[in-house]
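# What the coordinates show
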Amino acid sequence: MSDHIDAVAHLQRAARPSRHVPIDNGALRPKAPTPQLPTPAIARSTVWAASQMSYEEVLDAVRDLELASGTTSPKQIRHLAMCAETLLGWLLMFPGESWQQRWHASGADAAGRDWTTMASEPDKHGHLVAAAGRLLMLDVIRPDYSWLYATQATPRLYERLRALRDPMGFASIARLCDADTRMLPSDRIQALNQLTRILVHNGGTVADITLPDCIEAHRAQDGYRGRSHPRWYTLLREAAILPADSPPTIFAASRRGQLTIEEMVDRYDVACRPIRDLFVAYLYERRPAMDYNSIRYLAAKLVLLFWRDLEIHEPGIDSLHLTDEVARRWKTRLSGPVLYGSNRVGKKREDPYTILMAVRAFYADLSHWALEDPARWSAWAAPSPVDSRDLAGMTKMIKHSQSRTHQRIRELAPLLPRLVDAAREHRSVAQALLNTATATPPGESFTDSGRTLRRASLSDDATNGRRVSRGHVYVDTPPRGGSSGRPQDNRRNLSLEADRAFWAWALVEVLRHTGARIEEVLEITHRSFVSYRLPSTGEVIPMLQITPSKTDKERLLVIGPELAAAFAEIISRVRGDNEQLPLVSRYDSAERVHSPELPFLFQRPWGTGRIAMSPSYVVKLLDELVTTAKITNSDGTPAKFSPHDFRRIFATEAVASGLPVHITAKILGHDSIATTQTYVAVYDQDVIEHHRAYIARRRALRPSQEYREPTDSEWDEFLGHFAQRKLELGTCGRAYGTGCQHEHACIRCPMLRPDPAQHERLRTIIDSLRQRITEASERGWLGEVDGLRTSLSAAEQKLTQMQRTATNLGMPIFRRAPGTPGGPSLGP
């Protein structure tokens, strides 16, 4: 993909840009970008009954709270009351009608874990922390998430908060946790603690939690260590606290989703309001025929890379009618280094033509629509600043790009068998190691490939505070070279290694046997398999249904034996001990939508649940496989297999094996054969073999009587044709079996092939023509003068043609085969 697409895509992922500034002597810089996904603004009350208690009422509530918890020591109760006095006294220094307003005014939320340094001397830290916990339990204050995530609350505090806030609600959540055998104790604690934080922040009960509350809590975790596991969100869905149509995961809920056309345009801060409205109207007209990703890139090209650039460099511009100088300066900037937000692309553009084509189409559409609907579009019709001369190099650029791609495929195709073997071996080795470790009791050692490994035990992990996954097998490896190191530095998760090795093998098999796009492969579900029974034999053929993707067309692929075996192993692994494949939702990063929950084949465990694989995860697995197998290019550099390389190799091998191009196009899902032809990397040997095969097929189709020995009359006629083509100044180039169509005006005829040996003769003819022109002019034969001048011009062209001919190739001399009557034998 071109540089500008990469930059815009990164810009749109990272932050909403307020400026697109092509570098111009360092004069202009964009303002700092604002977050693309702001936390939803939820109005939270700062006044409620508990927050308006008086100073004395809060102290009395603290004492009652400790008595209710079973504290019988008067000294301890007095100590906690004194701690509360310290915190309340500090809060009274700030304005507000409630303790919550004073808490916000104090700045404690922004200070995070260092908030106690603002309130008193360092020796009072413990007093303030204890007092804050009591105010939380009494619902006197509700800190922001920045404070809740930054501070470290004790497990005892969370337990007391749950018992005080909503014991029945948390009991129902706990029962759901107990029913989930996949949850570890740490998963349970994290889920309950996250729900507790939400109640501390919002107030109310578990049943009062809404989807916006969940999104707010999840997004507030960014930047903090120890992010809670998203299982708390699915627990709310299972408890029917969130509606049934809520997104399947908290990640799905917190994603922005598709932008509206207005949002696409407004994110670039267009200054001229009428032009902004025009872009909105134009994109709405184009939207029905384009997918979301395409319309998003089109908006970036037109609004960001065209008009916003003009506004920055041509202040006050408000018309699409650009002067030649303004258009020239824009096109000059387009091919130079560009700054998107804070991300600089410091090299020259390789493909400015996509932007130029988009702008040219924009102007052309406006002109065309102005004829159809003058009232709406005629005011915007203007000459296009992009003409055919600006696009003159596009064809050359496309050919160079295709040439580089074909060369890449020629280099990768011979490496594919090595990659297939490496994937199979890597999977086998990883699974064998996992089986050996599983058979070894925890804490015991075993040997693998001459190296001693020790299977880790869960008790060791609990002692060291490590995070482990239930059902996974871990081993500790001794430090290499005898160097000392922490035990966790040498920890290996063999279950994860075997899982990644399996999926790397599975992806290689499916990609190379189907030639499908990566998004099509990841969208394969258990429902994608259909069978077709041949009417003639009754044989059942398994077929794979490819869901519509890029071309929005559905197609069926025949499943071969190797691909069927791979699919069988994938289904068996995903299904496990269950009768059906688990249902998961897949996020389409291009369209920014989530699919319904379906039995996707390419899914993997993640935490206590499962997620569908993403294209980035596939690329990561392929890179790891190439690195492990140490596959390199011919120049020694590491090889790089992208998912789309398998598709191009598939097309190349299919055509090379004799499959017609139009059938290959149908299998690949291409609308045009020309697209398939650009995929096919042709080898020199292929050209020779295919040409020979073409000649053989043509001969097989022609009548057999055309391949007999010629008769004497036919041979004489053939030779006579070439004899009749011999002329004074050379030879005639007319086709065999045809007569002269120019009334034998050879000096003027373009079919005349001048012989350099007749150079002097032609000069004599030219001199004669000049003399005749002079004589005709003197005698007044003006009609003759025009004809002679035409002949003279043609003769001078033939003379020039003779002078440029370095070698006279001549015509072939046809001789009869030995023994043929009436002619000489073959030979020089």
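Fair warning: this is a prediction, and the values are worked out from it, not measured in the lab.

Secondary structure summary: the protein chain contains 34 helices and 16 strands in total. The buried share of the protein chain, reckoned over its 828 residues, is 41%. Counting only carbon and sulfur atoms, one obtains 53% of the accessible surface of the protein chain, whose full area is about 44600 Å².

On to the side chain of R165, then. Within the element layout of this structure, R165 appears in helix α9 (residues 155-165). For R165, a relative accessible area of 15% puts it in the buried group. At 2.6 Å, the side chain of R165 forms a polar contact with the backbone oxygen of L136. Polar contacts involving the side chain of R165 include one to the side chain of D139, which spans 3.4 Å. Non-local contacts of R165, meaning those with residues more than four positions away in its chain, are made with L136, M137, D139, L199, V200, G203 and T205.

All right, on to the sheet that holds strand β8 (residues 529-533) then. Across the sheet, which stays open at both edges, the 3 strands sit in the order β8-β9-β10 with antiparallel pairing between neighbours. The open sheet terminates on both sides in strands that have one partner only, identified here as β8 and β10 (555-558). The mean angle between the axes of side-by-side strands here comes to 40°, regardless of whether they run parallel or antiparallel. Sheet analysis places strand β9 (residues 540-546) next to β10, joined by 4 bridges and oriented antiparallel.

What follows covers the sheet that holds strand β6 (residues 474-476). An order of β4-β5-β6-β7 is seen for the 4 strands of this open sheet, with the pairing classed as antiparallel. Every interior strand has two partners, whereas the edge strands, β4 (445-448) and β7 (491-493), have only one. Ignoring which end each strand starts from, the neighbouring axes of this sheet average 40° apart. In this sheet, strand β5 (residues 451-455) lies alongside β4 in antiparallel orientation, the contact comprising 4 bridges. Bridge pairing links S445 to R454 in β5. The strands touched by helix α22 (residues 416-439) are β4, β5, β6 and β7; relative to β4, the strand with the most contacts, the crossing angle is about 160°. Running over the sheet, helix α24 (residues 494-514) touches β6 and β7 and is turned about 45° from β7.

Here we take up the pattern of salt bridges. Using the criterion set out here, one finds 39 salt bridges in the structure. Residue R376 pairs with E285 through a salt bridge whose shortest N-O separation is 2.9 Å. Residue R376 is located in helix α20 (residues 374-377), and its partner E285 is located in helix α16 (residues 273-286); the two are separated by 91 residues in the primary sequence. Take E285: its relative accessible area is 38%, and that puts it in the partly exposed class. We note a salt bridge from D390 to K331, for which the minimum N-O separation is 2.9 Å.

What follows covers the packing of helix α17 (residues 292-313) against helix α18 (residues 324-334). At a minimum axis distance of 11 Å, the contact between α17 and α18 shows a crossing angle of 115°. The angle between α17 and α18 falls in the class roughly perpendicular. In terms of crossing hand, the pair formed by α17 and α18 is right-handed. Every residue of α18 that contacts α17 at L305, F306, D309, L310 and H313 is listed here: V326, W330 and R333.

Summarising the element assignment, L59 is placed in helix α2 (residues 55-68). Expressed as a C-alpha distance, the spacing of L59 and M82, which sit 23 residues apart in the sequence, is 8.7 Å. Apart from the residues lying within four places of it in its own chain, the contact partners of L59 are A81, A84, E85 and L88.

Further remarks concern the side chain of D213. For D213, the position within the fold is in helix α12 (residues 211-219). Using a relative accessible area of 7% as the deciding quantity, one classes D213 as buried. Those residues in contact with D213, other than ones at most four positions away along the chain, are I42, R44, Y145, N202 and D208.

So, on to the confidence of the model for the protein chain. On average, residues of the protein chain score 79 in pLDDT, and 79% of them reach the 70 mark or higher. When pLDDT is averaged over each element of the protein chain, α16 comes out on top at 94 and strand β1 (residues 20-22) at the bottom at 34. Counting interchain partners and residues more than four positions distant, the pLDDT-below-50 stretch residues 1-39 has 102 contacts.

What follows covers the packing of aromatic side chains. With the rule as written, the count across this model stands at 21 aromatic pairs. Grouping aromatic residues by their ring pairs yields a cluster made of F279, Y282, F306, W307, W330, F362, Y363, W369 and W377. Over the ring of F170 we find R162, and its NZ or CZ is 6.0 Å from the ring centre. Here the basic side chain of R604 rests over the ring of Y617, its NZ or CZ set 3.9 Å away from the ring centre.

Counting residues in hydrophobic clusters, the biggest one holds 54 residues, and the most contacted among them are L87, W115, L195, I209, C214, W232 and L236. Those residues within four positions of I209 in sequence are excluded, and the remaining contacts are L195, I198, L199, C214, L236, I241 and L242. Formed by 48 residues, the second largest nonpolar core is a distinct cluster that contains F279, M290, F306 and W307.

Right, let's talk about unusual backbone geometry for a bit. For residues that are not glycine, phi is negative in most cases, and the peptide bond is trans in most cases. Positive phi outside glycine occurs at R592, with the angle close to 60°. Positionally, R592 belongs in the loop between β11 (587-588) and β12 (593-594). Owing to a relative accessible area of 12%, R592 belongs among the buried residues under this scheme. For K630, which is not glycine, the phi dihedral falls at a positive 55°.

Conventions we followed
Residues numbered from 1 in each chain as written. Predicted model: local features only at pLDDT ≥ 70, side-chain atom pairs only at ≥ 80, totals over all residues. Heavy atoms only, no water. Helix = DSSP H or I, 4+ residues; strand = E, 2+ residues; numbered from the N terminus. Buried < 20%, exposed > 50% of the residue type's maximum accessible area, 1.4 Å probe, protein only. Areas by Shrake-Rupley, 256 points an atom, 1.4 Å probe, with all protein chains shown as cover. Polar contact = N/O pair within 3.5 Å; in protein donor to acceptor, adjacent residues only side chain to side chain. Contact = heavy atoms within 4.5 Å. Pairing = 2+ DSSP bridges. Axes fitted to C-alpha atoms, helices over the stretch in contact; angles between N-to-C directions. Salt bridge = Lys/Arg side-chain N within 4 Å of Asp/Glu carboxyl O. Parallel < 35°, antiparallel > 145°, perpendicular 65-115°, else oblique. Left-handed = near helix turned anticlockwise from the far one by under 90°. pLDDT = per-residue confidence, 0-100. Phe/Tyr/Trp six-rings, centres within 6.5 Å; stacked < 30°, edge-to-face > 60°. Lys NZ or Arg CZ within 6 Å of the ring centre and 35° of its normal. Core = buried A, V, L, I, M, F, W, Y, C linked by side-chain atoms within 4.5 Å.

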